[in-house]
Amino acid sequence: MTYFNNVTNIKYEGVNSNNPFAFKFYNPEEIINGKTMEEILRFGVSYWHTFTEDLSDPFGDGTAIRPWDKYQGMDRAKARVEAAFEFFEKLSVPYFCFHDVDIAPEGDTLKETNKNLDVIVDMIKDYMKDSKTKLLWNTVNNFSHPRFVHGAGSSNNADVFVYAAAKVKKGLEVGKELGAENYVFWGGREGYETLLNTDMKLEMDNLGRFFHMANDYAKEIGFDAQFLIEPKPKEPTSHQYDFDVASGYAFLQHYELEDVFKFNIEANHATLAGHTFEHELHYARIHNMLGSVDANQGHPLLGWDTDEFPTDLHSTVLSMYEILKNGGLGRGGLNFDAKVRRGSFTPEDLFSAHIAGMDSFAVGLKVAQRLIDDKVLEKVIEERYKSFNEGIGLDIVEGNIDFHRLEEHALGLKEIKNESGKLEQIKATINQYLLTTFTSE
Ligand code: XLS
Ligand code: NI
Ligand code: NI
């Protein structure tokens, strides 16, 4: 059975194509600095937003028209697998990602849930044999069911901690079975609402214990995926424990987990934390902790995780700049943790949205590579910090100075001269690169 009969295989047709179901910028085979675009960008489709999401919001029922929704329960889960692999093939996308509950319905008991999962995992494994699409990461949903009302690994209720651990244990087995490159832990409800009833220290210690046990079990079964923490500052709880990369890194260091994890950085979570996307990527990169990316964007006027498909080219340029400076994403990828808007309810919109996102990152990649080739920002930064390359600056950087000599030097200074940061000029140069990369082709 096929589900997307109005769409054929999406091909690269170039900047002048007016075929809405073609790539204008993403040319998977194009070589950029020795690697293909496909190898660098490592795009992934999110199972939940693409095959499970019904586009409901707090004010209204779902609007999505999905051909598999004529089925129920396990039949629907199986239809989704068929639809998913048809979608992956037509989009020619190298990766996908899922939560346990996206692929198989929960049963009345944990045992039944695991049985449902086994059936669908077998089916996915079969489809993967004939498909180029691999599993970028899987995770478990330890936040939607009412049992997780007070959290999962940070719940006040030991039975919930136990249940959450059993679900992660199964998730690690599933990841191993399907050859996942990474395994993700997004905080979900790991955070708190109010200190009035919260033992923060115990909750965080328990989370640390939870992650250590997960790592021990992954090692025990020989599942060598990269573990990823996905920070988010708020939503659903008002204080998420993995607020941003900096606080997540402090958490990992405190619990001696910094060698076990890297970060999965989501654009919209960065902006919710009051940062830019590129800030989070940069912070992770300079600490060698950049693992993977949830590629989406927030709405500039709305203060929540709107999970829009990424179309802001300025942001894709600056994020691809960080990714290229990182030497790529390694085992990670660009997973579209993004959903079509409520008004974009047709199955075809799912393709349009992914095409928009893939083209936007392809633009970002090419422009960022040119900026790097021409050392545009490197030159700016080198010039701006040149006072640390010689004299007293060099002494500071090399660590062979103390407060006595610094005071002596300060007393001898006749005048302190600062130079312009030239921000407007730099921004105009980035615009120039954005606008000339494709017109000059
Ligand atoms: C929610 C998160 C979630 C994770 C996976 O805001 O982005 O979708 O990526 O659990
Ligand atoms: Ni995410
Ligand atoms: Ni999110």
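Predicted, not measured: the structure shown is a model, and the values here were computed from it.

### Things to note about the packing of aromatic side chains
All chains considered together, the criterion is met by 34 aromatic pairs. Between Y183 and F185, the ring centres sit 5.1 Å apart and the planes meet at 65°, which makes this aromatic pair edge-to-face. An identical accessibility class is assigned to Y183 and F185; each is buried. Pairwise contacts between aromatic rings join Y3, F4, Y47, F51, W68, F85, F87, F88, F96, F98, Y127 and F351 into one cluster.

### Things to note about the packing of helix α3 (residues 73–91) against helix α5 (residues 110–129)
Contact pair α3 / α5: the axes reach a minimum separation of 10 Å and the direction vectors enclose 20°. Relative to α5, the element α3 is oriented roughly parallel. Crossing hand, α3 versus α5: right-handed. Along its contact with α3, which presents M74, A77, K78, V81, E82 and F85, the element α5 presents N116, V119, I120, M123, I124, Y127 and M128. For the contact of α3 with α5, the class distribution of residues is ten nonpolar, one polar and two charged.

### Quick look at empty space enclosed by the protein
Summed over all chains, the structure comprises three cavities of 30 Å³ or more. Considering only enclosed or pocket space, the largest cavity measures out at about 180 Å³ in volume. Around the largest cavity sit 17 residues that line it, and N142, F185, W186, G187 and E190 are the ones nearest its centre. Where the lining of the largest cavity is concerned, the elements lending two or more residues are β8 (182–186) and α7 (200–221). Counting residues per element, the lining of the largest cavity draws most heavily on β8, at four residues. Its residues assigned to classes, the lining of the largest cavity comprises twelve nonpolar, three polar and two charged. Here the second largest cavity is characterised by a volume of approximately 40 Å³. What lines the second largest cavity is simply P231, F243, D244, I265, E266, H269, A270, A273 and E280. Of all the secondary-structure elements, those providing two or more residues to the lining of the second largest cavity are β12 (261–266) and α9 (267–272).

### Details of the coordination of the nickel ion (ligand 2)
E230 (OE), E266 (OE), D294 (OD) and D337 (OD) make up the full set of protein donors to the nickel ion (ligand 2), lying at 1.9 to 2.1 Å. Sequence spacing of the donors to the nickel ion (ligand 2): E-x35-E-x27-D-x42-D. The nickel ion (ligand 3) is placed at 3.8 Å from the nickel ion (ligand 2), the two being bridged by E266. Here the residue E266 occupies a position in strand β12, and D294 occupies one in strand β13 (residues 290–294), the gap between them amounting to 28 residues. When its relative accessible area of 2% is taken as the criterion, E266 is described as buried.

Calculation criteria
- Residues numbered from 1 in each chain as written.
- Chains lettered and ligands numbered in written order.
- Predicted model: local features only at pLDDT ≥ 70, side-chain atom pairs only at ≥ 80, totals over all residues.
- Heavy atoms only, no water.
- Phe/Tyr/Trp six-rings, centres within 6.5 Å; stacked < 30°, edge-to-face > 60°.
- Buried < 20%, exposed > 50% of the residue type's maximum accessible area, 1.4 Å probe, protein only.
- Axes fitted to C-alpha atoms, helices over the stretch in contact; angles between N-to-C directions.
- Helix = DSSP H or I, 4+ residues; strand = E, 2+ residues; numbered from the N terminus.
- Parallel < 35°, antiparallel > 145°, perpendicular 65-115°, else oblique.
- Left-handed = near helix turned anticlockwise from the far one by under 90°.
- Contact = heavy atoms within 4.5 Å.
- Nonpolar A, V, L, I, M, F, W, Y, C, P; charged D, E, K, R; others polar.
- 1 Å grid on protein atoms, 1.4 Å probe; cavity = no way out; pocket = protein on both sides within 12 Å on 5 of 7 lines; lining within 4 Å.
- Points joined across faces, edges and corners; volume = space filled by probe spheres on them.
- Donors = N, O, S within 2.8 Å, 3.2 Å for Na, K, Ca; no water.

Geometric descriptors of this kind do not, in isolation, establish any biological role.
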